[in-house]
Amino acid sequence: MVGNQRPKSRSYKKLRTIEPLHTGGPVAITSDGSNIITCVSGEALFTDIKRSRLLCRFSSDDQSITSLCLTPDASHLVTFTDASSLRLFKIPKTFTGQHVPPSRVTARPHDAPVHVCAVDPTSTYLASGSADGVVKVWELSTGHVTHVFKGHGGVVSALKFNFPRNESLVQHERVAQLITASVDTKIRVFDLTATLRNDQGALRPIVVLEGHDSVPRGLDVTPDGKWLVSGGRDAVVLIWDMTFSGATLGQSKGKSKALVTNLTPVKTIPVLERVEAVGFVHCDRSGSATTVDQCLFTAGEKGIVKIWDWKGALLRHLGTSWEQEQEEQRQVLEAMYVPTLEAVLSVHADQNIFIHSVASGKLTQQLIGFNDEIVDAAFLSPTICPSNASASNDCDSYIALATNSSLIRLYSTLGSSVQLLPGHSDIVLSLDRSASGRSFASGSKDNSARIWAPSKSSAASTQWSCVALCEGHAGSVGAVAMSRTLRDNDTRLQFLLTGSQDRTIKMWDLSDVPLKCGSQQVLKCRSLMTFKAHEKDINSLDVAPTDQLLASGSQDRTANIYEILYHPSSGARPPSGEIKLLGTCKGHKRGVWSVKFGRTERILATGSGDKTIKLWNLQDFTCVKTFEGHANSVLRVDFINDGTQLVSSGSDGLVKLWSTKEEECTTTLDNHEDKVWALAVSTDERVIVSAAADSVVTFWGDCTEEYEQEREAKRVEQVLKEQDFVNYIALQDYRRAIELALSLQQPGRLFSLFRDIRSSVKHSSTTKGSVTGDLAVDEVLRSLSGQDLAQLLQYVRDWNSNAKTSGVAQSVLYAMVKLRPIEDIVSAFGGESLEALSSEISPRKQAGGRTAFKDLVDSLIPYTQRHFSRLERLVQESFVLDYILSEMDGEIFEGDGHLVADASMIHANEGER
């Protein structure tokens, strides 16, 4: 900045958002594994997995989706809702994020809610199972019901089609079976071709398999139809031999009856957890399932996917093992095998979706379905950012989010990479980054703080792991602040300050904490001091850029300023540190939610529950400025643009930019529907991230240069048009002049044009036959488009309301009425017929059509009557004037004719006006 020149005020616009992907409900994935369908607030979202891009939305009837399935050829989607409706959607060929309406809706497909559905491998039939134990088979192309299977002892819990496709076997009959499971713990196999043979027991199961002690939740068959696997909440997986061709229907007293054979499972695998999903993996390409290479996967209450061999031996785990108290939040609700990816997709209770490779066991893709309430955010950089931050693409390339969860979310700002960082045992409340941006600290409700550092880095992504643990607080750690400088050429951290619900501030030594995570164990940091800071909970901490001052904000409505005294270890001397209270900033009427030091000046900003932002002088701790504008509590505040601007977020869901000099809000950014708890500014201040309790993360990009260019382009265009207007007037090209003045929306120039034309009539002898005084102007008024005509009439209405401009208004109005049919004028205001004008018009109608025209006429009539009344009075007064003049000349009796002539002249002159 040169001299006293102030930096330009920055402007921001929305770049992109991270919105909820899955808030609960069923999930489906395309056969090629490229796209996924999830449920959010009664809508089904079709999303590109690799790019995390929303392709389209499938609208529902504002009811929760209880079940959905995608046809194997990815041509149609079927959904069932709480409103007991079946909706069939056609997948579009091109995607623009559009809402796709259903191609067919079936009302009340069942008498009870449908919780499971499935489509056969040929994308021809749909099976649906309801809570009343009824299973229906539908033909997708027509929507007709082909089979109705009853007799289930309660809610239908699983469905699976068995259409064998082993081409090596010569089959005399087509095999088409439907396998069902219900809460009566029984598995039933129905023959779908029996109705074609008119068998008497066509709607009864050909076999009933009994072996589970609890409800079966997962079913799967091999492609050749020889083996069936079932898993239930009795913590066992059963493998069944499906080659029971000798099973036939028996007869009992003329009534068909299913043959309950003595089939027993060929293998029982105890998995020691409630199973919610089970399936076969690693079938060979021919589709035959041999006992040599056949494997199974199971998923359930422990939140991990397990791979088993045919003999029941556990081969590997897919995913991270959770602590026992976290298993309920992480349990798998649904899982499916994707053959093209050779991976298993699992859907967890915390709305997260994982895709693991079966061969390597590694996590290949993860989708965060729902962030819940986001309470804090911080930018991260895999490498140390240079002084010119914009020169590095890695600077601030990740954003860490603390949500209503013990897992920290890590999003890539450049791509679609997403990470979940486990470590805390309770909800994470606060985040803060180090001076370099590589490491960051987190505070949690588990009364601890953790330090995180990069563990693995690749061209595609960087992963962070916990490297240090700070334990010692007696309450939740709601605020953390790391030192703003590094030691020893940016290779060592210094200290961490934590504020807790126990109303104390602790300082922790971080000099031994590594900047990169290796194979070492998590380091336990030592507390250097504990300071009783406030009378109520501590909400926020911030360290000055020089590491010399600390600010704390509390629910006791005050902000305290401290001096930081930190001495790193030197030789045999251990590190030491303390803080000393310098002063207290008092003035807020409610709790202080946020404190922030200026980056270039000794000033402090605070945001409070009293809806205000205050700036404080750090010399005498007095309030120097107060900003008002938020409709609710101010939750976060920060400085940008060398301290000339403030950015804040509040409980009103708004992000505001403020001018510190003018003490006013310059811009309001609106994209949230709930409290904006999190606010983060990138190192180069080109990006601001806001995250709220509505689970939406918004990236706001600096558009100052773009706005300046647009403003300059508009100014240049305006100057050129104004010059064109002057040139048209000089050339007496009134048509283009009037059209240009209307397009510029400059009624002043248009008034001057009509006034000059009107005044030139008296001095021109070539205006014969012209209404306005110029034939070219008459032609312009006669050929104006409807929109320009309506705009000109509105200008006339405004001119008519002033006595000084009413003469021009009346002359233009007279010309328009003379030159244009009344139907043209009416149609310019909405196309209503002339007859409809006389009808009674409701005042509740919008200002469009005949209502707008009637308003125009109603506003013209009273002012026009007033102008003519004034003229009448003037004419009457002119008689008095003529009388006086005649009396003065002694011609009061002789000049009757002269008197009348003078009056006629006055009438004529006033008419011209």
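Residues numbered from 1 in each chain as written. Predicted model: local features only at pLDDT ≥ 70, side-chain atom pairs only at ≥ 80, totals over all residues. Heavy atoms only, no water.

Student: What is the right way to read a positive patch on the surface from this model?
Tutor: A surface patch of positive charge is lined by Arg503, Lys532, Lys536 and Arg557. By the element assignment, Lys532 lies in strand E45 (residues 527-532). (Patch = residues over 30% accessible without salt bridge, like charges linked within 9 Å, V, L, I, M, F, W, Y side chains within 5 Å. Areas by Shrake-Rupley, 256 points an atom, 1.4 Å probe, with all protein chains shown as cover. Salt bridge = Lys/Arg side-chain N within 4 Å of Asp/Glu carboxyl O. Lys, Arg positive; Asp, Glu negative; His and termini not counted. Charge placed at Lys NZ, Arg CZ, Asp CG, Glu CD. Helix = DSSP H or I, 4+ residues; strand = E, 2+ residues; numbered from the N terminus.)

Student: Looking at this model, I keep getting lost on the sheet that holds strand E14 (residues 145-149). Mind explaining?
Tutor: Within a sheet, each strand pairs with its neighbour through backbone hydrogen bonds, oriented either parallel or antiparallel. Reading across from one edge, E11-E12-E13-E14 is the order of the four strands in this open sheet, with antiparallel pairing throughout. At either end of the open sheet lies a strand with only one pairing partner, and these are strand E11 (114-119) and E14. The sheet shows a mean angle of 15 degrees between the axes of neighbouring strands, taken without regard to direction. As judged from the five bridges shared by strand E12 (residues 125-130) and strand E13 (residues 135-139), these two strands associate in the antiparallel manner. Bridged to Ser128 within E13 is Lys136. (Pairing = 2+ DSSP bridges. Axes fitted to C-alpha atoms, helices over the stretch in contact; angles between N-to-C directions.)

Student: Sorry if this is basic, but what is going on with the side chain of His147 here?
Tutor: As for its placement among the helices and strands, His147 is situated in strand E14. Here the side chain of His147 touches Leu192 through a polar contact of 3.0 Å, landing on its backbone oxygen. What His147 contacts, discounting residues up to four positions off in sequence, is Val135, Lys136, Val137, Leu192, Thr195 and Leu203. (Polar contact = N/O pair within 3.5 Å; in protein donor to acceptor, adjacent residues only side chain to side chain. Contact = heavy atoms within 4.5 Å.)

Student: Help me understand the confidence of the model for the chain in this model?
Tutor: In low-pLDDT regions, the fine details of the predicted coordinates are not to be read closely. The share of residues in the chain with pLDDT of 70 or more is 86%, and the mean pLDDT across the chain is 84. In this model residues 283-292 is a low-confidence stretch, pLDDT under 50, and it forms 15 contacts with partners more than four residues away in sequence or in other chains. Ignoring residues within four places in sequence, the model shows residues 897-901, a span with pLDDT below 50, making three contacts including any to other chains. (pLDDT = per-residue confidence, 0-100.)

Student: I keep staring at the sheet that holds strand E48 (residues 558-567) and nothing clicks. Help me out?
Tutor: Overall, antiparallel pairing links the four strands, which are arranged E46-E47-E48-E49 in an open sheet. Each edge of the open sheet is held by one strand with a lone partner, namely strand E46 (538-543) and strand E49 (576-586). In this sheet, adjacent strand axes meet at a mean angle of 25 degrees when their direction is disregarded.

Student: Explain the pattern of salt bridges to me, please; I cannot follow it from the model alone.
Tutor: Proximity of charged atoms lets side chains of opposite charge pair with each other. Taken as a whole, this structure holds 30 salt bridges when the rule is applied. A salt bridge links Arg217 to Glu276; the nearest nitrogen and oxygen atoms lie 2.9 Å apart. Of the two residues, Arg217 is situated in strand E19 (residues 216-221) and Glu276 in strand E25 (residues 275-281); the sequence distance between them amounts to 59 residues. Classification of Arg217 as partly exposed rests on a relative accessible area of 24%. (Buried < 20%, exposed > 50% of the residue type's maximum accessible area, 1.4 Å probe, protein only.)

Student: Any chance you could explain the packing of helix H4 (residues 747-760) against helix H6 (residues 786-800) here in plain terms?
Tutor: A pair of packed helices is characterised by two quantities: the angle between their axes and the separation of those axes. Their axes nearest at 11 Å, the elements H4 and H6 cross at an angle of 80 degrees. Overall, the two elements H4 and H6 adopt an arrangement that is roughly perpendicular. Along its contact with H4, which presents Pro747, Leu750, Phe751 and Phe754, the element H6 presents Leu792, Tyr795 and Trp799. Residues of the contact of H4 with H6, tallied by class, amount to seven nonpolar, no polar and no charged. (Parallel < 35°, antiparallel > 145°, perpendicular 65-115°, else oblique. Nonpolar A, V, L, I, M, F, W, Y, C, P; charged D, E, K, R; others polar.)

Student: I keep staring at the packing of aromatic side chains and nothing clicks. Help me out?
Tutor: Within a pair of aromatic rings, the relevant descriptors are the distance that separates the centres and the angle that separates the planes. Taken as a whole, this structure holds 15 aromatic pairs when the rule is applied. Consider the rings of Phe46 and Phe95, whose centres lie 5.6 Å apart with planes at 45 degrees: the pair is tilted. Here the residue Phe46 occupies a position in strand E4 (residues 43-48), and Phe95 occupies one in the loop between strand E8 (85-90) and strand E9 (98-100), the gap between them amounting to 49 residues. Residue Phe95 is classed as partly exposed on the basis of its relative accessible area, which comes to 24%. (Phe/Tyr/Trp six-rings, centres within 6.5 Å; stacked < 30°, edge-to-face > 60°.)

Student: What am I meant to see in the pairing of strand E21 (residues 236-241) here?
Tutor: For a regular strand, the rule is simple: side chains alternate between the two faces of the sheet. Counting buried positions along E21 gives five out of six residues, so the element sits mostly inside the fold. What sits between the antiparallel neighbours strand E20 (residues 227-232) and E21 is a turn of three residues, in which Ala235 has the positive phi angle 70 degrees. In this structure, E21 lies alongside strand E24 (residues 267-270), joined through four bridges in antiparallel fashion. Bridge pairing links Val236 to Pro270 in E24.

Student: Honestly, unusual backbone geometry in this entry has me stumped. Any pointers?
Tutor: Despite not being glycine, Ala235 shows a phi value in the positive range, around 70 degrees. With respect to the helices, strands and loops of the structure, Ala235 is situated in the loop between E20 and E21. The residue Gln351 is not glycine, and still its phi comes out positive at about 70 degrees. Topologically, Gln351 is positioned in the loop between strand E30 (343-348) and strand E31 (352-357).

Student: Honestly, the pairing of strand E58 (residues 678-681) in this entry has me stumped. Any pointers?
Tutor: Judged by which residues are buried, E58 turns out to be covered on both faces: Ala678 and Ala680 on one side and Leu679 and Val681 on the other are all buried. Hairpin connection of E58 to strand E59 (residues 687-691): five residues between the antiparallel strands, including Glu685 at a positive phi of 60 degrees.

Student: Which parts of the structure should I look at to understand a nonpolar patch on the surface?
Tutor: Taken together, the side chains of Val880, Leu881, Tyr883, Ile884, Leu885 and Met888 present a nonpolar region at the surface, about 620 Å² in accessible area. With respect to the helices, strands and loops of the structure, Leu881 is situated in helix H10 (residues 850-889).

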